[in-house]
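# Structural overview
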Amino acid sequence: MAARRAKLVAQGIAIGLVALLFVLLVWALATDEGNDLAKRANAGELPEAPDFTLGRLEENEGELTLSSLRGKPVVVNMLASWCLPCREEAPILEQVWQRHRDRGLVVLGVATKDFRRDARRFATEQGITFPLVLDGPGDVWGPYGLTGLPETFVLDRQGKVVEAIVGAVNTDEDRARLNAAIRRASRS
Amino acid sequence: VSARLVALLLASFAVAGSAAAADPPRAADLEAEIVCPVCETTLDQSTAPVAERMKLYIRERIAAGDSEAEIKDSLVAEFGPGVLARPPDDGFGLLAWLLPLAGLAVGAVVVGVLVRRWSRGRVTEEGASEPPLDPELERRVDDELARFES
């Protein structure tokens, strides 16, 4: 009798563990929003941009927190020196920064999974003057659902993502899309 | 003579040891122990641009005379502890080594206890399945059998 009860308890525990793992799997899949950030933004859902605090590329310039830029439209550009398409779009983003900075737009480059020295050289070679932060370990990849570089997110004044461009902004169509998103972000 | 021989042997071991310690790290060894942060495989398995850049960095540091630990530390400083294929065996990283062992030990204890309980239960069940017959019942069975045989 006692043995049968022990066996039943053991079987119950095993079935319970399997059920728990299944529930956790379903829950993880159901709440995995990070990878859908670009999709949700482009579907017009206006998801909130995941916040981050990262060190500036120049170590003596301290840190920058994304949410501290609330009240301004922000273009967040994820890049790396080893990413060839990032080289193509860097001058375009610099132009955007130069053209709109007086109207309050911030272009923020996030050099990710990159050596600090390489990212600095990249910025110098590309003539980048917009602010750059460094995310060596790639902590932004998960929350922003990055699968590669570059990716560009346009945030409105409330920190909501109004547009996400996966891949380089290097065609006239991409530029038009970016400018339209900046106009939408600035109006909000 | 034997004391001199022992001293000579010890000296030769010491020289061999210090020579081994001074050997520069091998790029291939380090590439097998460092993870590409984009593709999440070790560098020797990856041709991703960042992995190629990291391989070049490792060769530069070896040429500059850095030790294996110095190269690993500098990569951890750039890319975080996730860049190491094997977690460090000290500090917080020690947990990654100890927890699986602790899990195995706990699992073994649980399995041992359950097996013991089951086997003990089975012996009791087997014993309980053959209780001694009531003498009155035994007599009646014998009577019935005798009548049946006659």
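Above this note sits the structure.
Residues numbered from 1 in each chain as written. Chains lettered and ligands numbered in written order. Predicted model: local features only at pLDDT ≥ 70, side-chain atom pairs only at ≥ 80, totals over all residues. Heavy atoms only, no water.

### Examining the sheet that holds strand β1 (residues 53–56) of chain A
All names here are of chain A.
- Here we have 7 strands laid out as an open sheet, ordered β2-β1-β5-β4-β3-β6-β7, and mixed in their pairing. In this open sheet, the two edge strands, each paired with only one partner strand, are β2 (63–65) and β7 (161–166). Taken pair by pair, the neighbouring strands of this sheet meet at an average axis angle of 30°, ignoring direction.
- Pairing of strand β6 (residues 151–155) with β7, which is carried by 5 bridges, proceeds in the antiparallel orientation. Of the residues in β7, the one forming a bridge with Glu-151 is Val-166.
- On the sheet, helix α3 (residues 84–100) packs against β3 (74–79), β4 (106–112) and β6 and is oriented at approximately 160° with respect to β3. (Pairing = 2+ DSSP bridges. Helix = DSSP H or I, 4+ residues; strand = E, 2+ residues; numbered from the N terminus. Axes fitted to C-alpha atoms, helices over the stretch in contact; angles between N-to-C directions. Contact = heavy atoms within 4.5 Å.)

### Points about empty space enclosed by the protein
All names here are of chain A.
- Summed over the entire model, instances satisfying the criterion amount to 1 cavity of 30 Å³ or more.
- Considered as a void within the structure, the largest cavity measures approximately 70 Å³ in volume.
- What lines the largest cavity is simply Ala-49, Asp-51, Leu-66, Ser-67, Leu-69, Arg-70, Lys-72, Val-74, Leu-155, Asp-156, Arg-157 and Gly-159.
- When grouped by side-chain class, the residues that make up the lining of the largest cavity number 5 nonpolar, 2 polar and 5 charged. (1 Å grid on protein atoms, 1.4 Å probe; cavity = no way out; pocket = protein on both sides within 12 Å on 5 of 7 lines; lining within 4 Å. Points joined across faces, edges and corners; volume = space filled by probe spheres on them. Nonpolar A, V, L, I, M, F, W, Y, C, P; charged D, E, K, R; others polar.)

### Description of the pattern of salt bridges
- Across all of its chains, the model carries 20 salt bridges over all chains by this definition.
- For Arg-53 of chain B, the salt bridge identified is with Asp-118 of chain A, shortest N-O distance 2.5 Å. Here the residue Arg-53 of chain B occupies a position in helix α3 (residues 49–63), and Asp-118 of chain A occupies one in helix α4 (residues 116–126), the pair thus bridging two chains.
- Classification of Asp-118 of chain A as buried rests on a relative accessible area of 5%.
- The residue Asp-29 of chain B makes a salt bridge to Arg-26 of chain B at a minimum N-O spacing of 3.2 Å. (Salt bridge = Lys/Arg side-chain N within 4 Å of Asp/Glu carboxyl O. Buried < 20%, exposed > 50% of the residue type's maximum accessible area, 1.4 Å probe, protein only.)

### What about the nonpolar core?
- Counting residues in hydrophobic clusters, the biggest one holds 73 residues, and the most contacted among them are Phe-52, Leu-66, Tyr-144 and Phe-153 of chain A together with Leu-75 of chain B.
- Aside from chain neighbours lying at most four places away, what touches Phe-153 of chain A is Leu-37, Val-74, Val-75, Val-76, Met-78, Tyr-144, Leu-146, Val-161, Glu-163 and Ala-164 of chain A. (Core = buried A, V, L, I, M, F, W, Y, C linked by side-chain atoms within 4.5 Å.)

### Brief notes about the interface of chain B and chain A
- Across the boundary between the two partners, chain B contributes 19 residues, which contact 16 residues of chain A.
- For the interface between chain B and chain A, the tally reads 2 salt bridges.
- If you look at where chain B meets chain A, you find 3 residue pairs in polar contact (both at pLDDT 80 or more).
- Secondary-structure elements contributing two or more residues to the side of chain B that touches chain A are α3, α4 (68–79) and α5 (94–128) of chain B.
- In terms of residue class, the side of chain B that touches chain A is made up of 10 nonpolar, 2 polar and 7 charged. (Polar contact = N/O pair within 3.5 Å; in protein donor to acceptor, adjacent residues only side chain to side chain.)

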